[in-house]
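Inside the fold
Given next are the chains, with one letter for each unit.
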Amino acid sequence: QVQLVESGGGLVQAGGSLRLSCAASGRTVSSYAMGWFRQAPGKEREFVATISRSRNTYYADSVKGRFTISRDNARSTVYLQMNSLEPEDTAVYYCAARTSYSGSYYFNEYSYWGQGTQVTVSS
């Protein structure tokens, strides 16, 4: 079993950048495919990005070209670099782990979740 803790959220102006971190404990992140999801008030949780164990990456169309997911297995940490942030990116961002080699777009295919970190982008 793995425990996930996100950090790095905050308040940023439109056009700015943030880097979210997801630190894993209990079991190394290298054993999992990882994903980032987000949930804005009144909206459903939505897929943002995923990275497989071999570092194949996939992104939601809304963040493609602006966000980058990466993993550092030695540090058991996954990152989400977010550039050119827009007010529409405001949400709670969640890190998730999937006991599979490949990543997934579907939140119900992830077994482990962090508590979330708030990202607020002001216009």
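Scroll up a little and you will see the structure.
Residues numbered from 1 in each chain as written. Predicted model: local features only at pLDDT ≥ 70, side-chain atom pairs only at ≥ 80, totals over all residues. Heavy atoms only, no water.

What to know about a nonpolar patch on the surface
Our working definition: Patch membership requires over 30% relative accessible area and the absence of a salt bridge. Like charges are linked within 9 Å, and nonpolar side chains (Val, Leu, Ile, Met, Phe, Trp, Tyr) within 5 Å. Only the protein chains shown count as cover for residues, with accessible areas throughout obtained via the Shrake-Rupley method and a probe of 1.4 Å. A pairing counts as a salt bridge when a side-chain nitrogen of Lys or Arg comes within 4 Å of a carboxyl oxygen of Asp or Glu. Only DSSP runs of H or I with at least four residues qualify as helices, and only runs of E with at least two residues qualify as strands; both kinds are numbered from the N terminus onward. Partly exposed residues are those whose accessible area sits between 20% and 50% of the maximum for their type, while under 20% is buried and over 50% is exposed, using a 1.4 Å probe and protein chains only.
Taken together, Tyr 58, Tyr 105 and Tyr 106 make up a surface patch of nonpolar side chains, about 360 Å² in accessible area. Inspection of the secondary structure puts Tyr 105 in the loop between β9 (91–98) and β10 (112–113). On the basis of relative accessible area, Tyr 105 is assigned to the partly exposed category, the value being 44%.

Quick look at the state of the cysteines
Test applied: Whenever a pair of cysteine sulfur atoms sits within 2.5 Å, that pair is classed as a disulfide.
In total, this model carries one disulfide according to the counting rule given. Cys 22 shares a disulfide with Cys 95; S-S distance 2.0 Å. Between Cys 22 and Cys 95 the disulfide shows an S-S torsion of about -75 degrees. By sign, it is left-handed. One end of the pair, Cys 22, is in strand β3 (residues 18–25); the other, Cys 95, is in strand β9, and 73 residues separate them in sequence.

Remarks on the nonpolar core
So the rule is basically this: Throughout, nonpolar core names a set of buried Ala, Val, Leu, Ile, Met, Phe, Trp, Tyr and Cys residues whose side chains join them through atoms within 4.5 Å.
By size, the foremost hydrophobic cluster in this structure holds 34 residues, and its most contacted members are Met 34, Trp 36, Leu 80, Met 82 and Tyr 93. Listed by contribution, the elements that provide at least two residues to this core are β3, β4 (33–39), β5 (46–51), β7 (67–72), β8 (77–82), β9 and β11 (117–122). Tallying contributions element by element places β9 first for this core, with five residues.

What to know about the sheet that holds β3
Threshold: When DSSP finds two or more bridges between two strands, those strands count as paired. Axes here mean lines fitted to C-alpha atoms, for a helix over just the part in contact, with angles spanning 0 to 180 degrees between N-to-C directions.
Read across the open sheet, the four strands follow the order β1-β3-β8-β7; overall the sheet is antiparallel. Of all strands in the sheet, those bounded by a partner on one side alone are β1 (3–7) and β7. Averaged over all adjacent pairs, the angle separating strand axes in this sheet is 15 degrees, with direction ignored. Note: β3 against β8, six bridges, orientation antiparallel. Among the inter-strand pairings, Arg 19 is bridged to a residue of β8, identified as Gln 81.

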